[in-house]
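The lines below spell out each chain.
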Amino acid sequence: IIRATEKVLVSYLSEDNLWAVREIEEKFSLSLEEIKIPQQIIDKLLINYLSHNNYDSALGFRKRFSISDDLISPEVERAAEGVFVHLLSKGWTDKALEIKENFLPSLDTAEFVKSQYTSYLNDEKWDLVINLKSHFPECEPMFQEFFAEQKEIAKNSELPFSERQKAFDILAGLAENG
């Protein structure tokens, strides 16, 4: 009976029918942590949750079924990396770090964040620059260097007005966002 119930549960999981899984769990007093979920179902569900920015469901699924780090496939990591970038771009740094902890254990956060930070600087996304700087200390030296460069450009009266104006705009954007 246990094996048959396990097969039914896995079938419901593959269809993302968590309501039916909870119902069976309660009726048969099963511990979901003991169910052997096939890798392709783990991947399918986690990738689906992550690719649809349903990260709370992905986190809940991982915790509820005690999915270990070694069961996080490269495909799931790629989907999680996309969510990580999305959350950083929205300024939801705490949630991004939670995704990193749970789905990207091997990600070099310092290098990844520096890359994102540089991208935000280039795209003039000052709110995100300030957000990353305040949450990731490795961004502080880059920020200080960039800030000093902009101040020097703004002060240099020998440069064309348009270049100085851009530096003033950048400094104003940074000041406005923090």
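Note that the structure is predicted; figures quoted are calculated from it, not measured.

Criteria and cut-off values
- Along each chain, residue indices are assigned from 1 in the same order as the chain's sequence is written.
- Local features are withheld for residues below a pLDDT of 70 in this predicted model, meaning they are given only at 70 or higher, and side-chain atom pairs are given and counted only at 80 or more; totals for whole chains, interfaces and linings count all residues.
- Neither water nor hydrogens contribute to the side-chain values; these are computed over all heavy atoms in the structure.
- Only DSSP runs of H or I reaching four residues or more are called helices, and only runs of E reaching two or more are called strands; each is numbered from the N terminus.
- Within these notes, the globule rule equals 2.2 Å times the number of residues to the 0.38 power, and the radius of gyration is based on C-alpha atoms.
- Residue exposure (1.4 Å probe, protein chains only): buried if accessible area is under 20% of the type maximum, exposed if over 50%, otherwise partly exposed.
- Here, residues are in contact when the closest pair of their heavy atoms is within 4.5 Å.
- Per-residue and other accessible areas were derived by the Shrake-Rupley procedure at a 1.4 Å probe size, with only the shown protein chains allowed to occlude residues.
- In this tally, Asp and Glu contribute negative charge and Lys and Arg positive charge; neither His nor the terminal groups of the chain are included.
- Charge coordinates come from a single atom per side chain, which is NZ of Lys, CZ of Arg, CG of Asp or CD of Glu.
- Directions pointing from the helix axis toward each C-beta atom define the arc.
- Definition of nonpolar core: a set of buried residues of the types Ala, Val, Leu, Ile, Met, Phe, Trp, Tyr and Cys, connected through side-chain atoms within 4.5 Å.
- Any carboxyl oxygen of Asp or Glu that lies within 4 Å of a side-chain nitrogen of Lys or Arg is treated as forming a salt bridge with it.
- By the criterion applied in these results, polar contacts are pairs of N or O atoms within 3.5 Å in which, for protein atoms, one can donate a hydrogen and the other can accept it, and in which residues neighboring in sequence qualify only through two side-chain atoms.
- Note on aromatic contacts: the rings of Phe and Tyr and the six-membered ring of Trp form a pair at centre separations within 6.5 Å, being stacked when their planes are under 30 degrees apart, edge-to-face when over 60 apart, and tilted otherwise.
- A ring has a charge above it when a Lys NZ or an Arg CZ is no more than 6 Å from the ring centre and no more than 35 degrees off the ring normal.

(A) View of the overall build of the protein chain. Along the backbone of the protein chain there are 10 helices and 0 strands. Secondary structure of the protein chain in N-to-C order comes out as α-α-α-α-α-α-α-α-α-α. Since a compact globule built from 178 residues should have a radius of gyration of about 16 Å, the 23 Å found for the protein chain marks it as more spread out than a globular shape. Taking the principal axes of its C-alpha atoms as reference, the protein chain extends roughly 85 × 25 × 20 Å. Within the span of the protein chain, comprising 178 residues, buried residues form 38% of the whole. A sequence separation of at least 24 residues applies to 63% of the contacts in the protein chain between residues at least 6 apart. Accessible surface, the protein chain as shown: approximately 10200 Å² in total, 51% of it carbon and sulfur. Computed over 20 positive and 32 negative side-chain charges, the separation of the two mean positions in the protein chain equals 3 Å.

(B) Focus on helix H4 (residues 55–64). Regarding H4, the residues found buried are Tyr55, Ala58, Leu59, Phe61 and Arg62. Across the axial projection of H4, the buried residues extend over an arc of 160°, all falling on one side. Taken from the residues just after H4, Ser66 is the one with a positive phi, measuring 45°.

(C) Structural detail: the nonpolar core. One finds Leu50, Phe61, Ile99 and Phe103 to be the most contacted residues of the largest nonpolar core, which totals 47 residues. Here this core takes 7 residues from helix H5 (residues 74–90), the largest share from any one element. Among all residues touching Phe61, those that are not within four sequence positions of it are Leu13, Ile37, Ile42, Leu45, Leu46, Tyr49 and Ile67.

(D) Fine view of the side chain of Asn102. By the secondary structure assignment, Asn102 is in helix H6 (residues 93–103). Overall, Asn102 belongs to the buried group, its relative accessible area being 13%. The residues contacting Asn102, other than those within four sequence positions of it, are Leu59, Arg62, Lys63, Asp69 and Ile72.

(E) Representation of the pattern of salt bridges. Going through the model one piece at a time under the given rule, you end up with 8 salt bridges. With a shortest N-O distance of 2.7 Å, Lys95 and Asp56 are connected by a salt bridge. Placement of the pair is Lys95 in helix H6 and Asp56 in helix H4, with a sequence separation of 39 residues. A relative accessible area of 22% means that Lys95 is categorised as partly exposed. A salt bridge links Lys155 to Glu152, with the shortest nitrogen-to-oxygen separation between them at 3.4 Å. Here Lys155 pairs with Glu152, and both are found in helix H9 (residues 140–155), just 3 residues apart, close to one helical turn. The exposure class of Lys155 is exposed, given its relative accessible area of 60%. One connected set of salt bridges, linked through shared partners, spans Asp56, Lys63, Lys95 and Glu98.

(F) Seen up close, the side chain of Asp43. The residue Asp43 is located in helix H3 (residues 39–51) in this model. It turns out Asp43 is buried and unbridged, and the closest side chain with the opposite charge, Arg78, is 8.9 Å from it. Only 2.8 Å separates the side chain of Asp43 from the side chain of Gln39, close enough to count as a polar contact. Apart from residues no more than four positions distant in its own chain, Asp43 is found in contact with Leu71, Ser73, Glu75 and Val76.

(G) Spatial organisation of the packing of aromatic side chains. This structure, assessed with the given rule, holds 4 aromatic pairs. Taking the centre distance of 5.2 Å and the plane angle of 50° together, the rings of Phe84 and Phe112 count as tilted. Of this pair, Phe84 sits in helix H5 while Phe112 sits in helix H7 (residues 109–122), and the two are 28 residues apart along the sequence. Relative accessible area serves as the criterion here: at 0%, Phe84 is assigned to the buried category. A relative accessible area of 15% means that Phe112 is categorised as buried. On the basis of an interplanar angle of 20° and a centroid distance of 5.8 Å, the ring pair of Phe143 and Phe147 is categorised as stacked. Residue Phe143 and its partner Phe147 are located together in helix H9, separated by 4 residues, close to a single helical turn. Positioned above the aromatic ring of Phe103 is the side chain of Arg62, whose terminal nitrogen or guanidinium carbon lies 5.9 Å from the ring centre. The ring of Phe143 is capped by Lys133, whose NZ or CZ atom sits 4.9 Å from the centre of that ring.

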